[in-house]
There are 2 protein chains.
Amino acid sequence: MSQPLAGNLLVAQSGGPTAVINSSIAGVISEAGRHECIEEIYGGMNGVYGILQENLIDIGEENTKSIQALKHTPAAALGTCRYKINFKLNPEQAEKDMNRLFEVIEAHNIRYFFYAGGNDSQDTTNKVHLEAAKRGYDIRAIGVPKTIDNDLPHTDHTPGYGSVIKYNATTVMEVGADLRSQATDEGSCCIIEVMGRAAGWIAAGTVLAKEQEDDPPHIILLPEIPFNETKFLVKAMDTVTKNGYCIVVVGEGLKDTEGNEIGADKTKLDAFGHPVLAGAAERLAEIVEPALNLKTRTVKLGYAQRAAAHYASQTDVDEAFACGEAAVRAAIEGQSGFMVKLVRESDEPYKWTTGLQPLEDIANQEALIPREWISEDGWLPNEKFEKYARPLIQGELHLPTRGGLPAFARLNKVAVEKVLPPLEP
Amino acid sequence: MSQPLAGNLLVAQSGGPTAVINSSIAGVISEAGRHECIEEIYGGMNGVYGILQENLIDIGEENTKSIQALKHTPAAALGTCRYKINFKLNPEQAEKDMNRLFEVIEAHNIRYFFYAGGNDSQDTTNKVHLEAAKRGYDIRAIGVPKTIDNDLPHTDHTPGYGSVIKYNATTVMEVGADLRSQATDEGSCCIIEVMGRAAGWIAAGTVLAKEQEDDPPHIILLPEIPFNETKFLVKAMDTVTKNGYCIVVVGEGLKDTEGNEIGADKTKLDAFGHPVLAGAAERLAEIVEPALNLKTRTVKLGYAQRAAAHYASQTDVDEAFACGEAAVRAAIEGQSGFMVKLVRESDEPYKWTTGLQPLEDIANQEALIPREWISEDGWLPNEKFEKYARPLIQGELHLPTRGGLPAFARLNKVAVEKVLPPLEP
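Everything quoted here is computed from the prediction, not taken from an experiment.

Undergrad: Go over helix 5 (residues 119-135) of chain A with me, naming the residues and quoting the values.
TA: Residues and elements named next belong to chain A. Spanning 17 residues, helix 5 covers 25 Å between terminal C-alpha atoms, matching the ideal 24 Å at 1.5 Å per step. Here helix 5 has its buried residues at S121, Q122, D123, T124, T125, N126, K127, V128, H129 and A132. On its buried face, helix 5 is in contact with helix 2 (47-51), strand 4 (110-117), strand 5 (140-145) and strand 12 (338-346). Looking one or two places after helix 5, you find G136, whose phi comes out positive at around 70 degrees.

Undergrad: Which residues make up the pairing of strand 2 (residues 38-44) of chain A, and what values go with them?
TA: Residues and elements named next belong to chain A. Counted residue by residue, strand 2 has five buried out of seven residues, so it is predominantly covered. For strand 1 (residues 7-13) and strand 2, the ladder comprises four bridges, and the chain directions are parallel. By the bridge assignment for strand 2, L9 is matched with I41. Inspection of the sheet shows strand 2 paired to strand 3 (residues 56-58) by three bridges, in the antiparallel sense. Paired with Y42 across the strands is D58, a residue of strand 3.

Undergrad: Explain the nonpolar core to me, and be specific about the residues and the numbers.
TA: Looking at soluble globular proteins, one finds that nonpolar side chains tend to be buried together. Among the nonpolar cores identified, the biggest contains 258 residues, and V248 and A327 of chain A together with V248 and A327 of chain B are the most heavily contacted of them. Once you skip the residues sitting within four places of it in the chain, A327 of chain B turns out to touch V28, F114, I142, V144 and V340 of chain B.

Undergrad: Provide a residue-level description of the domain arrangement of chain A, including the pertinent values.
TA: Residues and elements named next belong to chain A. Domain boundaries assigned for chain A yield domain 1 (7-159 + 309-364 + 394-406) and domain 2 (162-306). Each of domain 1 and domain 2 has a C-alpha centre, and these two points are 33 Å apart. Of the residues lining the interface, 14 residues belong to domain 1; the matching set on domain 2 comes to 13 residues. Of the residues belonging to the side of domain 1 that touches domain 2, the class tally is six nonpolar, five polar and three charged.

Undergrad: Describe the environment of G196 of chain A, naming the residues involved and giving the relevant values.
TA: Residue and element names in this part refer to chain A. Looking at the secondary structure, you find G196 in the loop between strand 6 (188-194) and helix 7 (201-205). Classification of G196 by C-beta neighbours within 10 Å gives buried; the count is 28. For the pair G196 and H218, spaced 22 residues apart in sequence, the C-alpha separation works out to 19 Å.

Undergrad: Lay out the interface of chain B and chain A with the relevant residues and their values.
TA: Contacts between the two partners involve 53 residues from chain B and, on the opposite side, 53 residues from chain A. Elements supplying a minimum of two residues to the side of chain B that touches chain A: helix 6 (161-182), helix 9 (280-292), strand 11 (295-300), helix 10 (303-306) and strand 15 (405-406) of chain B.

Undergrad: Can you explain the sheet that holds strand 4 of chain A? Please cite residues and give values.
TA: Residues and elements named next belong to chain A. If you walk across this open sheet you meet the seven strands as 3-2-1-4-5-12-13, and the pairing is mixed. Pairing within the sheet leaves two strands with one partner each, and these edge strands are strand 3 and strand 13 (351-358). Taking the axes of each pair of neighbouring strands and ignoring which way they run, one obtains an average angle of 30 degrees across the sheet. Where helix 1 (residues 21-32) meets the sheet, it contacts strand 1, strand 2, strand 4 and strand 5, and its direction lies at approximately 170 degrees from that of strand 1.

Undergrad: Go over the pairing of strand 4 of chain A with me, naming the residues and quoting the values.
TA: All names here are of chain A. Burial of strand 4 is extensive: eight of the eight residues sit out of reach of the surface. Two elements, strand 1 and strand 4, share six bridges in a ladder whose sense is parallel. Pairing of L9 across the sheet is with Y112, part of strand 4. Once the chain exits strand 4 it traverses helix 5 before rejoining the sheet at strand 5, and the crossover so formed is right-handed.

Undergrad: Requested: an account of unusual backbone geometry, with residues and values cited.
TA: All names here are of chain B. Cis geometry marks the peptide bond from P216 to P217, where omega comes out at 0 degrees. Structurally, P217 can be placed in the loop between helix 7 (201-205) and strand 7 (219-221). Residue P349 is bonded to the preceding E348 through a cis peptide linkage, with omega at -5 degrees. Even without being glycine, H154 reaches a positive phi, approximately 75 degrees. Structurally, the position occupied by H154 is in the loop between strand 5 (140-145) and helix 6.

Reading the values: the criteria
Residues numbered from 1 in each chain as written. Chains lettered and ligands numbered in written order. Predicted model: local features only at pLDDT ≥ 70, side-chain atom pairs only at ≥ 80, totals over all residues. Helix = DSSP H or I, 4+ residues; strand = E, 2+ residues; numbered from the N terminus. Expected span 1.5 Å × (residues − 1). Buried ≥ 20, exposed ≤ 12 C-beta atoms within 10 Å, placed from the backbone. Contact = placed C-beta atoms within 7 Å. Pairing = 2+ DSSP bridges. Core = buried A, V, L, I, M, F, W, Y, C linked by C-beta atoms within 7 Å. Domains from an automatic or database assignment. Nonpolar A, V, L, I, M, F, W, Y, C, P; charged D, E, K, R; others polar. Axes fitted to C-alpha atoms, helices over the stretch in contact; angles between N-to-C directions. Right-handed = clockwise from strand over helix to strand, strands pointing away.

Printed below as a string of structure tokens:
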């Protein structure tokens, strides 16, 4: 173990928010409080984007109650961004950014840097780590995993994933009950669109709603399996004949056999001349309704699914928190250039721990669902997937309320005094 | 008090399901069990539609556990329908239906008839009541109110409404947190479409998400206020300039100044030649994105909102249950031809009781939001509305789970033996 490194801590968030990313931040803050070598705890507002503008807040000015409440507060309480320091696309700007970033880091004596995010964010963390080594500046940079998409390699799963599939599977059960209760002779269909980009993890997770064979979802259209319209229509009609209704879940990134996204309507251009993304569910409804003469409705949960803290998985909240704690412990032990990962020790009973993975192994890789976790006919994930996913949705929160609604954290956000000249535009 | 009337009970559901309509059925069953004059308790499957086919189930064959679980199970556990005995549109069929209905009622010695539903369902209950009087058949027909739309007259509110606005307001808070955390310089907009048909009650209910002035929702487009595109765009831009983002809630039935539904896209016809209902949110996004050059996303909760038992209001569950109980008590006391209504006794503390309203007062009337409950500029409901709505979302459920997901009731549905010839097609 190396010598304790004295200095300040900077934690920030990046990429699409989740229901539990703030729990990771709470974990970082909680663990940091146990180590005297960590002097001040700062939050970087809106990730790298705000840090470049020296927009830091002093976490020491927050009530401990608010930090506790972060465990149950959705979205990125410190703000997030999609800004990337991109040496490939714009090396000149990237070098400028990196210089500025280290000006901020040095000006505030940041010695501990934690960045919670997905693929791109881990890449940024790695760049900070490498640049510090080059400059001979002693800093411990550790990535905290986060993404509802569950597409990061090397970690068993990502914090955020368990909660999104718990909420989405519940929605499928509820919408399924609704349609089943309306099922008279005419038959009906409901298409539920979920997130996940090119990966089908989120769509696949809704299979957990199935208790019995006839239960919804009846068809899950995974982006991993190219969409075949004819086969899909036959399968949907079969389902309606059998059950009186059909619930279809579609991953937003579903592609046809030629690799085109189903949701992209190329006949329709927006004001900027780009094809309008009608959405996969709307597109499928346009196919199903006339072809099968079937009342067809759509549900598009959109941002609601990744922010649904009110029905988050307690397991997910705990794991996200533990990832934050583990990041700080690793840094205190002298590590830098790693991402915390979740390691599964057993399925039943479900046991897990955290580990470390070099950041260079994470960037620009995408983990998809293994083909052997999907039924042969491609319509549903199989029992191997269920064994993997079921433990991740366990445990209900005790969510405090205010006025009958969830009591989410409100941070004071006391700004750290700026000491640098403003960022040049 | 009249003599106890001995015979069987028939309870059924009709119209669009809600998160708590089964709680009303549980209330009917629970109260019925206390009265010895009620011999058998039958459930009519899929409302009048199934009753005409003599599709009845024997509730006595259900586990008491399942009946308890109905309080937390969304949608219509007995099935529902949109079938209406319509003397105006088709008097011949209606008379045939009414004869058949009374064949079924008499064949099974039904003396207590409870029908949970909205406007049309109350009309059906009234017809049963009037027809029985005409025939000299002694039956007690009582309507149980139900509709997420909250558009029934004479009742303070309808069971189902509190739960849908609790869930929708929570969704607005969560989606709002998500957008706020992404708010950097570019600005963004999210349009959330909710149900409610021509009434704005559901859309209005999302105002409860607002704790502070800048909180979402920033704009609520109520069908009661004709949509003015230019004013809307100015208001949305103002909001983005001030907050960095804008959350718009739109009632599905929003109309322009000429009374046309915003969601109807008349330039696009479906396979049957009807204009495609693109949805109000999608339509608004098409307006906002190019006009304000603003990243705009949509959320369409669809059926998910009316079936969201996992975050139902305990107050709503209790009131729905009490309406079922009150219906049976009224019938036992000799009443017929009434709908149970909810009567508010005070706002703070919130106190309520049940009452009875003649069914003839309910049918074909629609209650809209009073203009004085909406801000002068029309963008948001005001404090009068909030005072009305806030009590309805209070109380969190203790929802049992199975495998990490809500444990909803599964009825055995043991069919009552048919004694009549099948319904002629």
